[in-house]
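# Tertiary structure, described
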Amino acid sequence: MTSVQWFIARRYFGSRTSVGAVNILGMISMLGIVACTVALVVVLSAFNGLEQFSRQLYNAFDPELKVVPAGGKYLTGADSMSALLGQIDQIKAYSFVLEEKAYLQKGDREVVVILKGVDAHYFEVNDLEAHLLYGKASPGHHTAIVGLGVAYHLGLSAGLEGEYFQVFVPRADVRSLSRPERAFSQSHLEAVGIFTIQPEVDEKYCLTDIATLRELTRNEDSYSAIEIQLKNPAHIKSVKNKLRQMLSEHRVYDRDEQQEAFFKIMRAEKLVVYLIFTFIALLASFGLMGSLRMLILEKRHNIHLLRALGLTTGQISGIFRITGLLIVSAGVVIGILLGIGIVWLQDAFGLIQLGEGYLIEAYPVELRPGQLLLISFTVLAIGFSTTAAAVAGLPKILQIAGRVI
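Calculation rules
- Residues numbered from 1 in each chain as written.
- Predicted model: local features only at pLDDT ≥ 70, side-chain atom pairs only at ≥ 80, totals over all residues.
- Heavy atoms only, no water.
- Helix = DSSP H or I, 4+ residues; strand = E, 2+ residues; numbered from the N terminus.
- Rg over C-alpha atoms; globule rule 2.2 N^0.38 Å.
- Buried < 20%, exposed > 50% of the residue type's maximum accessible area, 1.4 Å probe, protein only.
- Contact = heavy atoms within 4.5 Å.
- Areas by Shrake-Rupley, 256 points an atom, 1.4 Å probe, with all protein chains shown as cover.
- Lys, Arg positive; Asp, Glu negative; His and termini not counted.
- Charge placed at Lys NZ, Arg CZ, Asp CG, Glu CD.
- Patch = residues over 30% accessible without salt bridge, like charges linked within 9 Å, V, L, I, M, F, W, Y side chains within 5 Å.
- Salt bridge = Lys/Arg side-chain N within 4 Å of Asp/Glu carboxyl O.
- Pairing = 2+ DSSP bridges.
- Polar contact = N/O pair within 3.5 Å; in protein donor to acceptor, adjacent residues only side chain to side chain.
- Phe/Tyr/Trp six-rings, centres within 6.5 Å; stacked < 30°, edge-to-face > 60°.
- Lys NZ or Arg CZ within 6 Å of the ring centre and 35° of its normal.
- pLDDT = per-residue confidence, 0-100.
- 1 Å grid on protein atoms, 1.4 Å probe; cavity = no way out; pocket = protein on both sides within 12 Å on 5 of 7 lines; lining within 4 Å.
- Points joined across faces, edges and corners; volume = space filled by probe spheres on them.
- Nonpolar A, V, L, I, M, F, W, Y, C, P; charged D, E, K, R; others polar.
- Axes fitted to C-alpha atoms, helices over the stretch in contact; angles between N-to-C directions.
- Left-handed = near helix turned anticlockwise from the far one by under 90°.

## Describing the overall build of the protein chain
Check the secondary structure of the protein chain and you find 14 helices and ten strands. Radius of gyration (C-alpha) of the protein chain: 32 Å, far over the 22 Å computed for a compact globule of 405 residues. For the protein chain, the residues scored as buried account for 46% of the 405 residues in total. Partitioning the intrachain contacts of the protein chain with sequence separation of at least 6 by distance along the chain shows that 80% fall at a separation of at least 24. Carbon and sulfur atoms form 59% of the exposed surface of the protein chain, whose accessible area is close to 20600 Å². Positive and negative charge centroids in the protein chain, built from 37 and 37 side chains respectively, lie 17 Å apart.

## Overview of a nonpolar patch on the surface
On the surface, Trp344, Leu345, Phe349, Leu351, Ile352 and Tyr363 cluster together into a nonpolar patch covering about 650 Å² of accessible area. With respect to the helices, strands and loops of the structure, tyrosine 363 is situated in the loop between helix H12 (313-349) and helix H13 (369-392). A relative accessible area of 32% means that tyrosine 363 is categorised as partly exposed.

## Notes on the pairing of strand E5 (residues 143-147)
Remember that side chains alternate between the two faces of the sheet whenever the strand is regular. Counting buried residues in E5 gives five out of five residues, a clear majority hidden from the surface. Both E5 and strand E7 (residues 184-195) contribute to a ladder of five bridges, which runs parallel. The residue bridging alanine 144 from the neighbouring strand is alanine 191, located in E7. Pairing of E5 with strand E8 (residues 205-209) involves three bridges; the strand directions are antiparallel.

## Structural notes on the side chain of serine 187
Residue position: serine 187 is located in strand E7. Take serine 187: its relative accessible area is 13%, and that puts it in the buried class. Within the local environment of serine 187, its side chain forms a polar contact with the side chain of histidine 142, the two groups lying 3.2 Å apart. Setting aside its immediate chain neighbours within four residues, serine 187 contacts His142, Phe165, Gln166, Val167 and Leu216.

## Regarding the packing of aromatic side chains
If you walk through the whole model with that rule in mind, you get ten aromatic pairs. Ring geometry for phenylalanine 61 versus tyrosine 205: centroids 4.6 Å apart, planes at 55°, classification tilted. Taken together, the residues phenylalanine 61 in the loop between helix H2 (21-59) and strand E1 (65-69) and tyrosine 205 in strand E8 connect sequence positions 144 residues apart. Across this residue pair, the class does not change: phenylalanine 61 and tyrosine 205 are buried. Arginine 55 extends its terminal NZ or CZ atom over the ring of phenylalanine 263, reaching a point 4.5 Å from the ring centre.

## Considering the confidence of the model for the protein chain
The predicted model of the protein chain has a mean per-residue pLDDT of 86, with 91% of residues at 70 or higher. Long-range and interchain partners of residues 401-405, a stretch whose pLDDT sits below 50, account for twelve contacts in this model, where long-range means more than four residues apart.

## Remarks on empty space enclosed by the protein
Applying the stated rule across the entire model yields one cavity of 30 Å³ or more. Of the volumes computed, that of the largest cavity is approximately 40 Å³. Sorting the residues of the lining of the largest cavity by element identifies helix H10 (260-298) and H13 as the ones contributing at least two each. The dominant element in the lining of the largest cavity, judged by the number of residues it contributes, is H13, at three residues. Of the residues contributing to the lining of the largest cavity, the split by class is four nonpolar, two polar and no charged.

## Brief notes about the layout of surface pockets
One number sums up the size of the largest pocket: a volume of about 520 Å³. Lining the largest pocket are 25 residues, with Lys66, Glu99, Lys204, Tyr205 and Gln258 positioned closest to its centre. Considering only residue class, the lining of the largest pocket consists of eleven nonpolar, three polar and eleven charged.

## Overview of the pattern of salt bridges
For the structure shown, the criterion picks out twelve salt bridges. Among the ionic pairs, arginine 55 bridges to aspartate 256, the shortest N-O distance being 3.0 Å. Taken together, the residues arginine 55 in helix H2 and aspartate 256 in helix H9 (residues 255-258) connect sequence positions 201 residues apart. Aspartate 256 sits in the partly exposed class, given a relative accessible area of 31%. Here lysine 240 makes a salt bridge to glutamate 257, at a shortest N to O gap of 3.4 Å. With a gap of 17 residues between them, lysine 240 in helix H8 (residues 236-246) and glutamate 257 in helix H9 connect regions that are remote in the sequence. Residue class for lysine 240 comes out buried when judged on its relative accessible area of 9%. The structure contains a network of salt bridges with shared partners spanning Glu51, Arg55, Asp256 and Lys270.

## Some points on the packing of H10 against H13
The contact between H10 and H13 brings their axes to 8 Å, and the two run at 35°. Seen from above, H10 lies across H13 with right-handed handedness. In this structure, H10 contributes Lys270, Tyr274, Thr278, Ala281, Leu282, Ser285, Leu288, Met289, Leu292, Arg293 and Ile296 to the contact, and H13 contributes Gln371, Leu374, Thr378, Ile382, Gly383, Thr386, Thr387, Ala389 and Ala390.

## Looking at the side chain of glutamate 64
Turning to its location among the elements, glutamate 64 is positioned in the loop between H2 and E1. A polar contact of 2.8 Å, which involves the side chain of glutamate 64, links it to the backbone nitrogen of leucine 230. Excluding anything up to four places from it in sequence, glutamate 64 contacts Ile228, Gln229, Leu230, Pro233, Ile236, Tyr253, Asp254, Arg255 and Gln258.

What follows is the structure, encoded as structure tokens:
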């Protein structure tokens, strides 16, 4: 592209000598590009915010790393496992946990939960204590802390004074159901705390100490998982790979892998939204094609003069390609800046509220530089392709107009 082509293209792009159909259509085309770009930035930022908020909620309950059996229900050999974990300097704390399905009953109220037995190191690994509503986060012998949803189903009061409930747990040492009354252990637990993280966890979990659950299940030496906290979260990947090599017969999951199904759905929804708005941008780009072709017709006398001055058809086509490039680039830049501004306003002032009953007041948003680059590249690629298609028919357009170059 020569400086002459850029000079003429800038004149066509910024010309204000006349206001007619071509100018209006060109402005509409650019506004369409701006609108699609803004929509992509805002909607994807909203998905990012929702994903990040959900991740923060799950992180309060899910450990940084979790070791589970590759097959079967339980792990064994706590002493040997402790010796292996002690060899990894990056590990700050770890906790052995045991989980069982349990049936809870208080009067005529009942609920089925996952009863999770935890050891003394559990609250060094998880941030559950920060989400405690009432009571204390230290389940002891035959005491429990329950999720807010579980407390609601059992009708537990906020004061937790003398709040006991019955618990029925399957026994690990019973292999036959010929006598169902012997297949379950029954006891009473005292509720000493209520926590809230998010409904999926609140309505599902009840925590007690691991000794109580072992007593109920007759499971003396097995456990369901090891939950691990690191000194530095930046080392998660390297420690995970090291654990997978050391514990090849087990599975090691990070936080995203522990909620793999949820985050897969989030990514799929984000991809669908991206494709939908990309298709809308493609439709909007047809306005740009019409605008450029009308510009070619309007400037046909100038084109004839440029041809007489020695410019080739390819060079003249290049002028209109640059004009289209300027229109698209201006639309993308304006759209990105407007989108960033809207997202910043939402983040700073919470313009769009979620209403009562939600964990947060305003819809969460998050900008990611990589996505801004992807959006810019996508819209620019669509605009440049449309421009090339419009200018490719330059000789034919002029033929229809009665002037052949």
